[in-house]
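# Notes for the structure review
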There are 2 protein chains.
Amino acid sequence: MNDHSLYKNSFDNCPLTFALNLIGGKWRLPIIWALSKNGTMRYNELKRSIHGITNMMLTQSLRELELYGIINRKQYMEIPPRVEYSLTDNGKNLIPALKALAHWGKQMKSLITQNNIELESVETVNETEDEK
Amino acid sequence: MNDHSLYKNSFDNCPLTFALNLIGGKWRLPIIWALSKNGTMRYNELKRSIHGITNMMLTQSLRELELYGIINRKQYMEIPPRVEYSLTDNGKNLIPALKALAHWGKQMKSLITQNNIELESVETVNETEDEK
DNA sequence: CCGCATCCGCAATGATACTG
DNA sequence: CAGTATCATTGCGGATGCGG
């Protein structure tokens, strides 16, 4: 049982912060994004499509998103086990807002990249690990 | 010099995650929100309007938002010092997207509250400190 | 195949005190 | 008034290994 950060701070009075805390964290958005593109996905399908996620984080994120009513979890009682995930209506309602944000992010990215802002150092990310 | 988390992970390929990292962190949104409501604000004005923020975090967040081109900083060389902050056009462009997200958050909040989901424990937030 | 528990490092945040 | 510097804290996310 870990701590769900839903009711912690001063989210209560701010729907925006509330939303950000529902979709916050490192892996929730990638999951939502993948499901919005592919419809219904199985556990390992998700895991393969989200580069770098561990079982731990995937399971945890899925459980939280399910708890919040953003995704559906459908478990088939068979051997071997099969579990399918998909967006709920609430989850789908989120997509347009995300697209708006993504649009803004795209603008910002080109601006920031153009102006070549000197955010010190870390420009060597995909330099050393390209293949593999 | 602290680490700006802009180019760290796999933001590069995802405008959405890029956006989330521009406005992420605990205090950036409250600052943007305050500025979008009040237009131009001075340092201590911001500090008073954002409950619980320290000088440290306020300064740091302001610097980062300025670096990203989301807010303007105008310093008047006088005694006592006066510094005014406001949203740039980029910052203003963000507001509609935030409103969409906030709208969704509002829906989610009422749903989650209605269904009275048992997010264990922390339901005693404003129980013990009500007055004061 | 799907998922959970435990331990741990590190970056983000907080507290406090000081400065032009 | 508008910050800066330093140290302490904390909680998210990563690694690893087990369980149905």
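Procedures and definitions
Residues numbered from 1 in each chain as written. Chains lettered and ligands numbered in written order. Predicted model: local features only at pLDDT ≥ 70, side-chain atom pairs only at ≥ 80, totals over all residues. Heavy atoms only, no water. Helix = DSSP H or I, 4+ residues; strand = E, 2+ residues; numbered from the N terminus. Buried < 20%, exposed > 50% of the residue type's maximum accessible area, 1.4 Å probe, protein only. Contact = heavy atoms within 4.5 Å. Areas by Shrake-Rupley, 256 points an atom, 1.4 Å probe, with all protein chains shown as cover. Salt bridge = Lys/Arg side-chain N within 4 Å of Asp/Glu carboxyl O. Axes fitted to C-alpha atoms, helices over the stretch in contact; angles between N-to-C directions. Parallel < 35°, antiparallel > 145°, perpendicular 65-115°, else oblique. Nonpolar A, V, L, I, M, F, W, Y, C, P; charged D, E, K, R; others polar. Core = buried A, V, L, I, M, F, W, Y, C linked by side-chain atoms within 4.5 Å. UniProt positions renumbered as here; feature names shortened; annotations may be inferred. Near = heavy atom within 4 Å. Polar contact = N/O pair within 3.5 Å; in protein donor to acceptor, adjacent residues only side chain to side chain.

### Here we look at the overall build of chain A
Helix and strand content of chain A: 5 helices and 3 strands. Across chain A, helices and strands are ordered from the amino to the carboxyl terminus as α-α-β-α-α-β-β-α. Scored against the burial criterion, the 132 residues of chain A give a buried share of 36%. A separation threshold of at least 6 residues defines the contact pool for chain A, and within that pool the share at least 24 residues apart is 46%. For chain A, the accessible area works out to roughly 7900 Å², and carbon and sulfur atoms hold 50% of it.

### Notes on the pattern of salt bridges
Residues and elements named next belong to chain A. Counting across every chain of the model gives 8 salt bridges over all chains. Linking Glu78 and Arg82 is a salt bridge whose minimum nitrogen-to-oxygen distance equals 3.2 Å. When its relative accessible area of 35% is taken as the criterion, Glu78 is described as partly exposed. It is possible to trace a salt-bridge network through shared partners that takes in Glu78, Arg82 and Glu84.

### Concerning the side chain of B:Ser86
All names here are of chain B. For Ser86, the location among the structural elements is in strand β3 (residues 82-87). Classification of Ser86 by relative accessible area gives buried; the value is 18%. Ignoring anything within four residues of it in the chain, the contact list for Ser86 reads Leu35, Gly39, Thr40, Ile70, Ile71 and Asn72.

### Here's the deal with unusual backbone geometry
For the peptide bond that leads from A:Ile79 to A:Pro80, omega is 0°, which places it in the cis range. On the secondary structure map, A:Pro80 appears in the loop between β2 (71-76) and β3 (82-87).

### Here we look at the packing of helix α2 (residues 28-38) of chain B against helix α4 (residues 55-67) of chain B
Residues and elements named next belong to chain B. Their axes nearest at 10 Å, the elements α2 and α4 cross at an angle of 75°. Judged on the interaxial angle alone, α4 and α2 are roughly perpendicular. Contacts between α2 and α4 involve Arg28, Ile31 and Ile32 from the former and Leu58, Ser61, Leu62, Glu64 and Leu65 from the latter. Of the residues that constitute the contact of α2 with α4, the class distribution is 5 nonpolar, 1 polar and 2 charged.

### Structural notes on the nonpolar core
Counting residues in each nonpolar core, the largest one holds 70 residues, and the members touching the most others are A:Ile32, A:Leu101, B:Ile32 and B:Leu101. The residues contacting B:Ile32, other than those within four sequence positions of it, are B:Ile23, B:Leu65, B:Ile70, B:Leu87, B:Leu94, B:Ile95 and B:Leu98.

### Some points on the UniProt feature "domain: HTH hxlR-type" (unreviewed entry) in chain A
Those residues carrying the UniProt feature "domain: HTH hxlR-type" (unreviewed entry) are residues 14-113 of chain A in this numbering. In residues 14-113 of chain A, helix accounts for 65% and strand for 14%; the two terminal C-alpha atoms are 32 Å from one another.

### Describing the protein's contact with DNA strand C
Surrounding DNA strand C, one finds 21 residues, the nearest of these being A:Tyr43, A:Asn44, A:Thr59, A:Arg63 and A:Arg73. Sugar plus phosphate, as a fraction of atoms of DNA strand C within 4 Å of the protein: 79%. At 3.1 Å, a side-chain N or O of A:Arg42 approaches a phosphate oxygen of DNA strand C. Measuring from a phosphate oxygen of DNA strand C, one finds a side-chain N or O atom of A:Tyr85 at 2.8 Å. When residues of the surface near DNA strand C are traced back to their parent elements, those giving at least two are α3 (43-49), α4 (55-67) and β3 of chain A together with α4 of chain B. Tallying contributions element by element places α4(A) first for the surface near DNA strand C, with 4 residues.

### Points about the protein's contact with DNA strand D
The local shell around DNA strand D holds 20 residues, among which A:Lys26, A:Trp27, B:Thr59, B:Arg73 and B:Tyr85 are the closest. Each atom of DNA strand D within 4 Å of the protein was classed as base or backbone; sugar and phosphate made up 76%. In the environment of DNA strand D, a phosphate oxygen lies 2.9 Å from a nitrogen or oxygen atom belonging to the side chain of A:Trp27. Between B:Tyr85 and DNA strand D, the recorded distance is 2.7 Å, taken from a side-chain N or O atom to a phosphate oxygen. Elements that contribute at least two residues to the surface near DNA strand D include exactly α4 of chain A together with α3 (43-49), α4 and β3 of chain B. Counting residues per element, the surface near DNA strand D draws most heavily on α4(B), which supplies 4 residues.

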